[in-house]
Amino acid sequence: MQDWLKVAMPKGRIYKQASALFREAGLSVPEDEDDSRKLIIDVPAAQMQFIMAKPVDVPTYVEYGVADVGIVGKDVLMEESKDVYELLDLGIARCRMSVIGLPSWKPVIHLRVATKYPNVASQYFREQGQQVEVIKLNGSIELAPLIGLADRIVDMVETGKTLKENGLVELEEMFGITSRLIANRVSYRMKNELIQGLCDRLQAVISPQVTL
Ligand code: PRP
């Protein structure tokens, strides 16, 4: 499999857009594989093996070299800070990271912040010179201010529907998020032609940047 590329693909919200981009680039990625339970999918025509991963684990597979390249959101990349090359902004799965709270928020001295992204949140408030207590949650983060666990949350906003339905407001936009193509450092040298070829094909079909 020396001449094959092993690609870590994130299951879930990014998969549909990522696989559509691959298909546009002429790489025959299965359309509905995200719904199946199969974890390793070989596509001999493209000489690629897709590893269906939990999004947060993609940088780990790539750092350890069990995948040569991977697709991952900038949010996960910033939170995990793994030793990988970030090759390409794919411009898909566009959303933003924001500080969110109840509309009735008041400034408090000891701020509690709930999030799936403790490193990102800690760094952000440290840079703002604000001391906060960060509480790590694994999902349904919007619950935290509603039930009194935290004063703020740091979370992803895509359509804003979740905020609206739960009576929350975006207080500050922290940064924009898109999915990125990342590569293992050794693979990038050893399989440079293959990886560069993939970059070129993807680059050709990436939509131009749209302001968030
Ligand atoms: C993410 C995020 C928000 C929501 C934002 O959650 O944490 O809750 O999507 O999307 P929206 O602005 O389009 O409503 P996800 O669906 O990944 O599930 P989670 O609650 O398990 O984190």
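Rules of the game
One numbering rule holds for all chains: residues counted from 1, following each sequence as written. For this predicted model, a pLDDT threshold of at least 70 governs which residues receive local features, and a threshold of 80 or more governs which side-chain atom pairs are given and counted, while totals over whole chains, interfaces and linings are taken from all residues. Only hydrogens and water are removed before side-chain values are computed, so all heavy atoms of the structure are retained for them. If DSSP finds at least two bridges between two strands, the strands pair. Helix and strand definitions here come from DSSP, where helices need a minimum of 4 consecutive H or I residues and strands a minimum of 2 consecutive E residues; each element is numbered from the N-terminal end. All axes here are fitted lines through C-alpha atoms, helices being fitted over the stretch that makes contact, and every angle between N-to-C directions spans 0 to 180 degrees. Residue contacts follow a heavy-atom distance rule, with two residues in contact if any of their heavy atoms lie within 4.5 Å. Any residue under 20% of the maximum accessible area for its type is buried, any over 50% is exposed, and the rest in between are partly exposed; the area is computed with a 1.4 Å probe on protein chains only. Think of the arc as the fan of directions from the helix axis to the C-beta atoms. Here the term cavity refers to a set of points on a 1 Å grid, laid over the protein atoms alone, in which a 1.4 Å probe fits but cannot get out; the term pocket refers to an open set having protein on both sides within 12 Å along at least five of seven lines, with lining residues being those that place an atom within 4 Å of a point. Grid points are joined across faces, edges and corners, and a volume is the space filled by probe spheres set on the points. Three classes are used, and their members are as follows: Ala, Val, Leu, Ile, Met, Phe, Trp, Tyr, Cys and Pro are nonpolar, Asp, Glu, Lys and Arg are charged, and the others, Gly among them, are polar.

Student: It is not clear to me how the sheet that holds strand β11 (residues 179-183) should be interpreted in this structure. Could you clarify?
Tutor: Hydrogen bonds along the backbone pair up the strands of a sheet, which may run parallel or antiparallel. Strand order in the open sheet formed by 6 strands is β2-β3-β1-β4-β11-β5, with mixed pairing between adjacent strands. This sheet does not close on itself; its edge strands, each paired only once, are β2 (40-43) and β5 (85-89). With direction set aside, neighbouring strand axes in the sheet form an average angle of 25 degrees. Relative to β11, strand β4 (residues 69-73) is paired through 5 bridges, and the arrangement is antiparallel. Paired with G70 across the two strands is I182, which belongs to β11. Relative to the sheet, helix α1 (residues 15-24) contacts β1 (5-10), β3 (48-53) and β4, its axis offset from that of β1 by approximately 145 degrees. Along the sheet face, helix α8 (residues 192-205) touches β1, β3, β4, β5 and β11 and points at about 25 degrees away from the line of β5.

Student: Help me understand helix α4 (residues 118-127), please; the structure alone is not making it clear to me.
Tutor: Because an α-helix packs 3.6 residues into every turn, residues spaced three or four apart end up facing the same way. The complete set of buried residues in α4 reads V120, A121, Y124 and F125. End-on, the buried residues of α4 take up no more than an arc of 120 degrees, which puts them together on one face. Counted as exposed and oriented over 90 degrees from the buried face of α4: R126 and E127. Contacts from the buried residues of α4 go to α3 (74-80), β6 (95-101), β7 (111-115), β8 (132-136), β9 (152-157) and β10 (169-177). Count one or two residues on from α4 and you reach G129, which has phi positive near 70 degrees.

Student: Even after reading the chapter, I still don't get the layout of surface pockets, so can you show me in this structure?
Tutor: One simple way to see leftover space: roll a probe sized like a water molecule over the atoms. Of the voids in this model, the largest pocket is the one considered here, and its volume is about 840 Å³. Every residue lining the largest pocket is counted, 38 residues in all, and those nearest its centre are R13, D75, K116, Y117 and M156. Going through the elements one at a time, β4, α3, β9 and α6 (161-165) are the ones with two or more residues in the lining of the largest pocket. Of all the elements, α3 adds the most residues to the lining of the largest pocket, at 4 residues. Broken down by class, the residue content of the lining of the largest pocket amounts to 16 nonpolar, 10 polar and 12 charged. Estimated volume of the second largest pocket: approximately 160 Å³. Considering the residues around the second largest pocket, the lining is formed by D3, L5, L27, A45, A46, Q47, M48, L194, G197, L198 and R201. No other element matches the 4 residues that α8 contributes to the lining of the second largest pocket.

Note that every value here comes from positions in space, so none of it alone points to a role or purpose.
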